[in-house]
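These are the residues of each chain, in order.
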Amino acid sequence: MLQAILRLSKAPLSICAILLVLLAPSCKKADLQQEQEITISKERIEELRNSIAASTGAPLAEVEYKAAERSFSVSNDALITVQDAEARFPQSANVVGGSSGSQQRVYSYTVSRTNATNIVCYADATVPAEWLTALDQAIANWNATNSLVVMKRVTAITTTKPGKGKKPGTTTTTVPEHDVLITTMYNNTSNVIAQAYYPSYDGSAGHKVQINTYYNYLNASYKTFAITHELGHTIGFTHTNQTYGSLIPGTPETDPNSVMNSTVLPWNGFTSYDVIAVRTIYPK
C-alpha cells in the first residue's frame, strides 16, 4: 500500500493510503488466518521486490519484505501485502515504472461496477463521535458526485432477550455485513492522520480505514476532508500531487485543491477535476 501524506499548512500530517489487499471485501478472522498460512520462498520474495520496485519507481534497496506483517514496505511509508503482490505480479516480468506529473491518478485495481453501487461502511465502537460525523459527510460527498459510486453506513444491531424468572436477560450486538471497516489504530503524535486500503484485485473496495485519534483536535472541516480523502483511496484514487498510479484523462497537470492531494485542507467541496476523475472511472 502507498502511504498518503496530508499536511496541515506548517505541521506535517499524514494520511496513509494503504495498498494492502485481502481476498474478501470485509475483514474476517478466517481471511486473516488464511493469509498467515501462506508460505513464500526467498527466491519469490526477490522476484516480487524487483517487480514492486519497477512498478512504483522506488529504488530496490527501499523495498523491504516484512515477514511479521506479511507485506512489502516501500520507502518506509507504503505497504503491499503478499497476496496483493502475488496477484499483481503472478510471474517475474518486466514492469514499466511510474510516470511523472501530478494529474488525478487511479490505482491498478478499481471497484467493480456491481460493487461500486453499494459500498457499505461500518464504524466500530472505537471511532469517536466527531469522526462519525465526518464519515457521514464524506459518504454524502461521494454520493453527490453523480457517478456510479454509492456508499452508505450501517450500524451494529443490538437485540435484548428478556430473562425468565430470576434468570437475567441477555443483550447481543451483531455487526452487519460491510465492505469497509472504519476503526482506530493508535493515539500518538506521528504524522499519520489515517490509513486506508486500496481496492482488491477481486473488485471489492479497500476493506479498512484507520484513524489516529491523536488528531481528534482537528476541526470538523479538516476531518471531513481527511475521511473523504480516505474513502477516495478505498475506491482506487491515488494522490493527485504524486506520481503513483495511472493518469486519468481530462484532468490537469496540477489541481492544488483536489481532495486527493496529500495536503489536508478545510473541506470546500470537490474540485471540478475531482468530479471529472470519479465520473471517468465510475461512469453511470
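These remarks concern the structure in this document. Quick caveat, the model's predicted, so the values are computed rather than measured.

Our focus in this paragraph is helix H6 (residues 220-234). Helix length check: H6, at 15 residues, gives a terminal C-alpha distance of 21 Å against a target of 21 Å (1.5 Å per residue), a fit within 8%. When you tally the buried positions in H6, you get 12 out of 15 residues, the bulk of the element. Of the residues making up H6, those classed as buried are Lys223, Thr224, Phe225, Ala226, Ile227, Thr228, His229, Glu230, Leu231, Gly232, His233 and Thr234. Between the side-chain oxygen at the start of H6 and the backbone nitrogen of Ser221 there is a gap of 3.1 Å, and the oxygen is on Asn219. Phi for Gly236, located one or two positions after H6, is positive at around 110°.

Looking at the secondary structure, you find Thr271 in the loop between strand S15 (246-247) and helix H7 (272-281). Look at Thr271 and you get buried, because its relative accessible area is 12%. Of the polar contacts made by the side chain of Thr271, one reaches the side chain of Asp255; its length is 2.7 Å.

Time to look at the packing of helix H5 (residues 129-143) against H6. Relative orientation of the contacting elements H5 and H6 amounts to 55°, with a least axis distance of 8 Å. Relative to H6, the element H5 is oriented oblique. As for how H5 packs across H6, the hand of that crossing is right-handed. Mapping the contact onto sequence places Glu130, Trp131, Ala134, Leu135, Gln137, Ala138, Ile139, Asn141 and Trp142 in H5 and Lys223, Thr224, Ala226, Ile227, Thr228, Leu231 and Gly232 in H6. Looking at the contact of H5 with H6, its residues break down into nine nonpolar, five polar and two charged.

Compared with the 21 Å implied by 1.5 Å per residue over 15 residues, the 21 Å span of H5 between its first and last C-alpha is a close match. Listing the buried residues of H5 in full gives Trp131, Ala134, Leu135, Ala138, Ile139, Asn141 and Trp142. Each buried residue of H5 sits inside an arc of 155° when the element is viewed along its axis, so together they form one side. Among the exposed residues of H5, those pointing more than 90 degrees away from its buried face are Ala129 and Thr133.

In total, this model carries 10 aromatic pairs according to the counting rule given. Ring geometry for Tyr215 and Tyr217: centres 5.7 Å apart, planes at 50°, overall tilted. By relative accessible area, Tyr217 is classed as exposed at 53%. An angle of 90° between the planes, with centres 5.2 Å apart, marks the rings of Trp267 and Phe270 as edge-to-face. Of the aromatic side chains, those joined through ring pairs into one cluster are Trp142, Phe225, Phe237, Trp267, Phe270 and Tyr282.

Cut-offs and rules
Once a new chain begins, its residue numbering starts again from 1 and follows that chain's sequence as written. pLDDT decides what is reported in this predicted model: residues at 70 or higher carry local features, side-chain atom pairs at 80 or more are listed and counted, and totals for whole chains, interfaces and linings draw on all residues regardless. The basis for the side-chain values is all heavy atoms of the structure; hydrogens and waters are excluded. Each helix corresponds to a stretch of at least 4 residues labelled H or I by DSSP, and each strand to a stretch of at least 2 residues labelled E; elements are numbered beginning at the N terminus. Expected span, for any helix, means 1.5 Å times one less than how many residues it has. Per-residue accessibility, obtained with a 1.4 Å probe over protein chains only, is compared with the maximum for each type, and a residue is labelled buried under 20%, exposed over 50%, and partly exposed between these values. Residues adjacent in sequence count toward polar contacts only when both atoms are side-chain atoms; beyond that, a polar contact is any pair of N or O atoms within 3.5 Å, and within protein one must be able to donate a hydrogen and the other to accept it. All axes here are fitted lines through C-alpha atoms, helices being fitted over the stretch that makes contact, and every angle between N-to-C directions spans 0 to 180 degrees. Oblique is the label for any angle not covered by the other classes, which are roughly parallel (under 35 degrees), roughly antiparallel (over 145) and roughly perpendicular (65 to 115). Here is the rule for handedness: rotate from the far helix to the near one, and if that takes an anticlockwise turn smaller than a right angle the crossing is left-handed, while a clockwise turn gives right-handed. Should any heavy atoms of two residues lie within 4.5 Å, those residues are considered in contact. All amino acids are sorted into three groups, where Ala, Val, Leu, Ile, Met, Phe, Trp, Tyr, Cys and Pro are nonpolar, Asp, Glu, Lys and Arg are charged, and the leftover types, Gly among them, are polar. Here, the arc refers to the directions that run from the helix axis to the C-beta atoms. Working definition: a ring pair exists when centres of Phe, Tyr or Trp rings (six-membered ring for Trp) sit within 6.5 Å. Plane angles under 30 degrees give stacked, over 60 give edge-to-face, the rest tilted.

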